[in-house]
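Geometric and topological summary
Chain residues, written in single-letter form:
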Amino acid sequence: MKYLVMVQGTQADYEAMRGKASATSPAWSEEELQAMFAYMGAINDDLSETGELVDGQGLAEPAQTRHVTLGDDGKAVITDGPYGETKELLAGYWVLECESLERVTEIADRVARCPQPAGAPDYPVVIRPIMDGSGDI
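Residues numbered from 1 in each chain as written. Predicted model: local features only at pLDDT ≥ 70, side-chain atom pairs only at ≥ 80, totals over all residues. Heavy atoms only, no water.

As annotated in an unreviewed UniProt entry, the protein carries the name YCII-related domain-containing protein and comes from Streptomyces tuirus. Taken directly from UniProt, the Sequence similarities (unreviewed entry) text for the protein runs: "Belongs to the YciI family." (UniProt positions renumbered as here; feature names shortened; annotations may be inferred.)

**Considerations on the pattern of salt bridges**
Tallied over the full model, the rule gives six salt bridges. Across the salt bridge formed by Arg103 and Glu52, the nearest N and O atoms sit 2.8 Å from each other. Pair noted here: Arg103 is in helix α3 (residues 101-112) and Glu52 is in the loop between α2 (30-50) and β2 (53-58), with a separation of 51 residues, a long-range link. Arg103 sits in the partly exposed class, given a relative accessible area of 27%. (Salt bridge = Lys/Arg side-chain N within 4 Å of Asp/Glu carboxyl O. Helix = DSSP H or I, 4+ residues; strand = E, 2+ residues; numbered from the N terminus. Buried < 20%, exposed > 50% of the residue type's maximum accessible area, 1.4 Å probe, protein only.)

Dropping the structure here:
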């Protein structure tokens, strides 16, 4: 079965990784940032070796996000980010092919243990099974 494993973050978190602290997220040092990249890189390497990694990417900061909705007149309404009404957004993901929900949960547990500065917010790692077709609904 394929699973989408998602990590979340906020604009403040991205800014903190660039060294700008906020009320919700302390500034990251270069060493802390490198430790996070090394940790995630090791997870990616291990998942590649086991054949479970289908895809995985970090996403650009929320400030580079664009929302497209339809207005009452049926025309597109385009809004650039970041969004004050939205706390957390998708920060990165993996598409994994795992034997079981238990296995992907083990991987998510490992992701959740990624090193970060003391006081940085903890977000859940979200697991969503990927439907194989309309019969999965």
